[in-house]
Amino acid sequence: MMFRENFEKKVRDTIKKYGLCSKKDKIIVACSGGKDSTTVLYLLKKFGYDAEALIIDLLIGKWSEKNLKNLKGFCGEHNIKLNVVNMREEIGYSVCYIRSGIQAKTKFSNCMICGVIKRWILNKKARELKADKLATGHNLDDESENILMNTFKGNPELGINLGPKTGIVMDKKFVQRIKPLYFCSNKEIMKYSKSMKFPVLYEPCPCSVSTFRRNIRERISEIEKISPRIKLNIVNNFLRVLPVLRNQYKSNTKLRYCDYCGEPCRKEVCKKCELIKILLR
Ligand code: AMP
Ligand code: ZN
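Residues numbered from 1 in each chain as written. Chains lettered and ligands numbered in written order. Predicted model: local features only at pLDDT ≥ 70, side-chain atom pairs only at ≥ 80, totals over all residues. Heavy atoms only, no water.

A closer look at the overall build of the protein
Okay, so step 1: Looking only at helices and strands, one finds 11 helices and seven strands in the protein.
Okay, so step 2: In terms of overall dimensions, the protein is globule-like: its C-alpha atoms have a radius of gyration of 18 Å, near the 19 Å expected for 281 residues.
Okay, so step 3: Burial statistics for the protein: of 281 residues in total, 49% are counted as buried.
Okay, so step 4: In the protein, of all internal contacts separated by at least 6 residues, the share reaching a separation of at least 24 is 74%.
Okay, so step 5: When the accessible area of the protein is evaluated, it comes to approximately 14,800 Å², of which 53% is carbon and sulfur surface.
Okay, so step 6: The distance from the centre of the 56 positive side-chain charges to the centre of the 29 negative ones in the protein is 2 Å. (Helix = DSSP H or I, 4+ residues; strand = E, 2+ residues; numbered from the N terminus. Rg over C-alpha atoms; globule rule 2.2 N^0.38 Å. Buried < 20%, exposed > 50% of the residue type's maximum accessible area, 1.4 Å probe, protein only. Contact = heavy atoms within 4.5 Å. Areas by Shrake-Rupley, 256 points an atom, 1.4 Å probe, with all protein chains shown as cover. Lys, Arg positive; Asp, Glu negative; His and termini not counted. Charge placed at Lys NZ, Arg CZ, Asp CG, Glu CD.)

Re the environment of Lys-118
Okay, so step 1: Positionally, Lys-118 belongs in helix H6 (residues 110-128).
Okay, so step 2: On the accessibility criterion, Lys-118 (34% relative accessible area) is partly exposed.
Okay, so step 3: In contact with Lys-118, not counting residues within four places along its chain, are Ile-56 and Leu-58.

Points about helix H7 (residues 140-152)
Okay, so step 1: With 13 residues, H7 should reach 18 Å at 1.5 Å per residue; the first-to-last C-alpha distance of 18 Å fits that figure.
Okay, so step 2: For H7, the set of buried residues is Leu-140, Asp-141, Glu-143, Ser-144, Glu-145, Asn-146, Ile-147, Met-149 and Asn-150.
Okay, so step 3: Tucked into the core, H7 has its buried residues touching helix H8 (186-195), helix H9 (211-226) and helix H10 (230-248).
Okay, so step 4: Backbone geometry just after H7 places Gly-154 at a positive phi near 70°. (Expected span 1.5 Å × (residues − 1).)

Focus: H8
The α-helix advances 3.6 residues per turn, and as a result positions three or four apart in sequence lie on the same side.
Okay, so step 1: Among all positions in H8, only Ile-189, Tyr-192 and Ser-193 are buried. Down the axis of H8, the buried side of the element spans an arc of 95°, and every buried residue falls inside it.
Okay, so step 2: The inward-facing, buried residues of H8 contact helix H1 (3-17) and helix H2 (35-46).
Okay, so step 3: Looking at the residues trailing H8, positive phi occurs at Lys-197, about 55°. (Arc of directions from axis to C-beta.)

So, the site of ligand 1
Okay, so step 1: Inspection of the region around ligand 1 gives 13 residues, with Ala-30, Cys-31, Ile-56, Lys-118 and Gly-137 positioned closest.
Okay, so step 2: Contact between ligand 1 and Ile-56: a nitrogen atom at 2.9 Å from a main-chain N or O atom of the residue.
Okay, so step 3: Taking Gly-137, its main chain carries an N or O atom lying 2.9 Å from an oxygen atom of ligand 1.
Okay, so step 4: Burial of ligand 1 by the surrounding chains reaches 74%, relative to a free accessible area of 480 Å². (Near = heavy atom within 4 Å. Polar contact = N/O pair within 3.5 Å; in protein donor to acceptor, adjacent residues only side chain to side chain.)

So, the packing of H1 against H8
Okay, so step 1: Contact geometry for H1 and H8: axes closest at 10 Å, N-to-C directions at 120°. Taken together, the axis directions place H1 and H8 in an arrangement best described as oblique. For the crossing formed where H1 meets H8, the hand is left-handed. Contacts between H1 and H8 involve Phe-3, Arg-4, Phe-7, Glu-8 and Lys-10 from the first element and Glu-188, Ile-189, Lys-191, Tyr-192 and Ser-195 from the second.
Okay, so step 2: Of the residues in the contact of H1 with H8, the class split is four nonpolar, one polar and five charged. (Axes fitted to C-alpha atoms, helices over the stretch in contact; angles between N-to-C directions. Parallel < 35°, antiparallel > 145°, perpendicular 65-115°, else oblique. Left-handed = near helix turned anticlockwise from the far one by under 90°. Nonpolar A, V, L, I, M, F, W, Y, C, P; charged D, E, K, R; others polar.)

Brief notes about the packing of aromatic side chains
Okay, so step 1: Under the defined criterion, the tally for this structure stands at eight aromatic pairs.
Okay, so step 2: Considering the side-chain rings of Phe-7 and Tyr-192, the 4.4 Å spacing of their centres and the 20° angle between planes classify their relative orientation as stacked. Of this pair, Phe-7 sits in helix H1 while Tyr-192 sits in helix H8, placing them 185 residues apart in sequence. An identical accessibility class is assigned to Phe-7 and Tyr-192; each is buried.
Okay, so step 3: Judged by centre distance (5.1 Å) and plane angle (75°), the ring pair of Tyr-182 and Phe-183 falls under edge-to-face. Just as Tyr-182 is buried, Phe-183 falls in that class too.
Okay, so step 4: Through successive ring pairs, a cluster of aromatic residues spans Phe-3, Phe-7, Tyr-42, Phe-74, Tyr-192 and Phe-198. (Phe/Tyr/Trp six-rings, centres within 6.5 Å; stacked < 30°, edge-to-face > 60°.)

The following block contains the structure:
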């Protein structure tokens, strides 16, 4: 079989095997403008799902401008509805402003701060758009790194939020997240995206400087040279223990609503509002 057909079959099989979505679902695809989320958007549409794109304009200079322009062009060409959220309108500040303000007081990393804010906006917007599912471009490399990062931090509980779909909390304000590229490696997605000539930037976000993640990524690549299936093995091994983890930490996963913003969270105040509190302190 041709590479492209093989790749598409893998995504289709993942969706089917893990019951990620159905033709009745309205799916919002969280799009950064990069190769992964653009591939998800393209394939969900191609497979006949009801999918729309949602991009948060993070206002990170030329990088964000280019991503937004690329995605607008792509959605126009493929007749896909594009929803754009402006970071400043949604939160009141740009991501760079929030980061520099918070980092003057804490050691939180760029990606941690940006990730918390992105997740908050994506869930809220997806819900407002009446989505049944929120699809992201997370891939095999991301997931195997996340699993090892949690392991090395000695915090297995963090793993309950991983997997091809979030599953442990069911709440009317929480939109289930799905990862159709769960078993596709970065390299494969790059090859697919290039062969499809998707209009995307291949450079990473200029602010992503997480040394811990980079370290883990480099270690995995080293081992991959002698053990080519390492990422698949990490993920498959994790999927076997995931039900046990979810069961074990079930009692800690009760959702409540943030005292400040009303969004679903685990403590009295959600992570995004905690960050804003630090910023304004
Ligand atoms: P990252 O946290 O940058 O690794 O991105 C993980 C996933 O979040 C991507 O695959 C996208 O699905 C989504 N995402 C990242 N950035 C954005 C953005 N600016 N707007 C909407 N979704 C995004
Ligand atoms: Zn909040």
